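Residue-level structural notes
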Amino acid sequence: MTKLHEVKFPAECKSLPDGFWSAVDVWIKKPHVVNKRLCGATETPSEEVGTENLGVLLDPKSTDSHDVLSFLTRGQSTALTHDQENTWTFSVRTFIPKVNCYGSTSHKEFVLKDFDRLQVTFVPFEEDASGEVCQKIGNVYQISLVQRDNEEWFLELRVLAAADWACDGVAYPRLVWLCSTLLPRLLRWAAEPAASQFKSTLSLLPVEKYGCVYQQLKEKYRAMVKVWPEVTDPEKFVYEDVAIATYLLVLWGEERAERGVTEKQSFVDLGCGNGLLVHILSNEGHPGKGIDVRRRKIWDMYGPQTCLEEKAITPGEGFLFPATDWLIGNHSDELTPWIPVMAARSSFACRYFVLPCCFFDFYGKFQRRRCGTSQYKEYIDYIAEVSRASGFHTDEDCLRIPSTKRVCLVGKSRSYAPCDAEQAEERRASYIQSRRSSSGSGSVVPPRPPSATDGDGGDHDDDDGGRGGVGPGDGEHGGGGGGGGCHDNGDPEPAGPPGNDWGAGFQPRERVEKVRNCAALPRDFVDGVVLRVAKALLGLAEDDGGGPPTPTPAAAAAAAAAAAVVWNPGESMSVREVAELLDHGTLLRLKSECGGLQTLLKNNHQVFRVEGGRVHIRDWRAGSEERGRAESKRGRPVASGALKTRSCWFHSQHPQGCPLEAAQCCFAHGPQDLRPSTKPLKKMKWSAV
């Protein structure tokens, strides 16, 4: 028995010993959060066992079982009576590797918690397809919480036989990994226990089945990354849609098993964006289509078996789907609150799946009403409320996707009987009207125009393709209010009697995408704003000439020499103070752009640095802090084809010129230093990855 390592808790830690057991439960139930080679784990229900029963569980035929029992009872008094005999909480954990490298053999562990002595012991074993068990005594380890001098707490890691330890990096990690990675992570979880506002990941699915299907689909569709024609991140979008498709396929497979049917469910993806989710689901045998307001270039790559329609979606009788099993809203933006309503009104058998992203109400932007929780949590609760008001039993789950907004809502069954459909419809209509009225005297509330001092635009998660203020949902995922058709671009046949215009007032997204991230503003307008702000930061009075005179060679050399010693980096100002420098007409023009003034300043990364709501002149001498010559603003090396392709603002506009020599600066010092870009336009975003 060897103590391999220990870590000390900070003196101010007040969460022990309860925090220790919370951390242990994370490691038992969610080992994949720290061991990235695992997809997850399953655990049997816990039961209490004593020493006698434990000896039976640990294979009494094995001579090693005595060593394990000694390890478990280490330090226990031998004078205990039968009633005082130590007991453990016992369960069995089964590992689910991301890639099945074990064939039909299952890798499991006995998990033995000793609440009295604050320790948990893991006894691994392997079980083949016939049920034969082989214990791995050499890999038994124990994690203990120890208090010394009645005040200092430590986490200790002990192993039964360090010399016999075998590792494969999956079910059997290396000892050094347990010491350097697992133990510090357990300490952090125990010291700062954070109860999640949401359910556990994949709580509605069998994790083992999900892991198998995901690996199959990932291999099958990974080639899409190499041929992705859109400007968005191919790896992010391909693997995210593969994960969402995996979730739906497993969910639908479980539903078919519950219902005792074999026919695969049909679907309609509303606001399907790049259409990859539709393509995968169709290829896997589910009949369906995707609808979006704007056609994407990648649609042409899928082939005729993937049905995608270009059409604007307006909630109403003309957009009901009585023959469809499932409606899908994957980052569907303006359509998100409408999807449970549309599913409920399509047919009693129609179900839905939504993955909310941007925050929209029925007729405009979602308005917060609670300050005690995050905006995202409040919005998820709101969509769940819409679902219940629409008559669904509503389930919430957390997807395993590369996004911070990964909570989905699923409506699989109704909370009312078919004979009560009329009353249910009255409740739905009343709820929608109440939301409309609460927005402002019953009038339609359009999305709030961005302020000139707003952030970089929209409520989109940064993971959603870096759309930089183009407008919520205009990336590859959702079309929000948009959709299309695989046969024509006309309106669909009404699914019910006309006249019930319950979606009146809904504003679908325009088919032509407007660029509103300040990139389309006239160059002279942008240059004027940049110069005005820069002069204010440098403490200069405006002159009437619109810019400094062209320096003579001698003056430029003198300025460069002075810059090495007394180059003026300027002061900093808040974004609000910067806005006060600009006239009313300029501010109105910036208000029409997503992100407004702050986006314009960030777009001019060469000149400004915007951090914590304050604007600074960028000092390119600051080395790694400013990522200088060698790196771009995303921390990636600047491609050689992009160097010297734009003029240096500091060389021509700053009183002391550029703080860097021409050879050190990645921008051109004069026309003679300027050269054309040799960087391929289509690959510009990814060539440095």
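These figures come from a predicted structure and were not determined experimentally. (Residues numbered from 1 in each chain as written. Predicted model: local features only at pLDDT ≥ 70, side-chain atom pairs only at ≥ 80, totals over all residues. Heavy atoms only, no water.)

What follows covers the pairing of strand E5 (residues 106-114). When you tally the buried positions in E5, you get eight out of nine residues, the bulk of the element. Note: strand E4 (residues 87-97) against E5, six bridges, orientation antiparallel. Counterpart to Ser 91 in the pairing with E5 is Val 111. Summarising the sheet, E5 and strand E6 (residues 119-127) pair through nine bridges and their orientation is antiparallel. Across the sheet, Phe 110 pairs through a bridge with Val 123, a residue of E6. (Buried < 20%, exposed > 50% of the residue type's maximum accessible area, 1.4 Å probe, protein only. Helix = DSSP H or I, 4+ residues; strand = E, 2+ residues; numbered from the N terminus. Pairing = 2+ DSSP bridges.)

We now examine the sheet that holds strand E20 (residues 614-617). Judged by pairing direction, the sheet is antiparallel, and its three strands sit side by side in the order E18-E20-E19 without closing on themselves. Either end of the sheet is taken by a strand with one partner, and the two such strands are strand E18 (572-574) and strand E19 (608-611). For this sheet, the mean inter-axis angle between neighbouring strands, taken without regard to orientation, is 25 degrees. Pairing geometry for E18 and E20, over three bridges, is antiparallel. (Axes fitted to C-alpha atoms, helices over the stretch in contact; angles between N-to-C directions.)

Here we come to helix H13 (residues 523-538). End to end, H13 covers 22 Å across 16 residues, agreeing with the expected 22 Å (1.5 Å per residue, within 8%). Taken together, the buried positions of H13 are occupied by Phe 525, Val 526, Val 529, Val 530, Leu 531, Val 533, Ala 534, Lys 535, Leu 537 and Leu 538. Phi turns positive one or two residues past the end of H13, at Gly 539, with a value near 75 degrees. (Expected span 1.5 Å × (residues − 1).)

Applying the stated criterion across every chain yields a total of 33 salt bridges. Here Glu 258 makes a salt bridge to Lys 412, at a shortest N to O gap of 3.9 Å. Of the two residues, Glu 258 sits in helix H7 (residues 234-259) while Lys 412 sits in strand E16 (residues 407-414), which places them 154 residues apart along the sequence. Two residues, Arg 428 and Glu 425, come together in a salt bridge whose shortest N-O distance is 3.0 Å. Residue Arg 428 and its partner Glu 425 are both found in helix H12 (residues 421-438); the two are separated by three residues, about one turn of the helix. Residue classification places Arg 428 among the buried residues on the basis of a relative accessible area of 5%. (Salt bridge = Lys/Arg side-chain N within 4 Å of Asp/Glu carboxyl O.)

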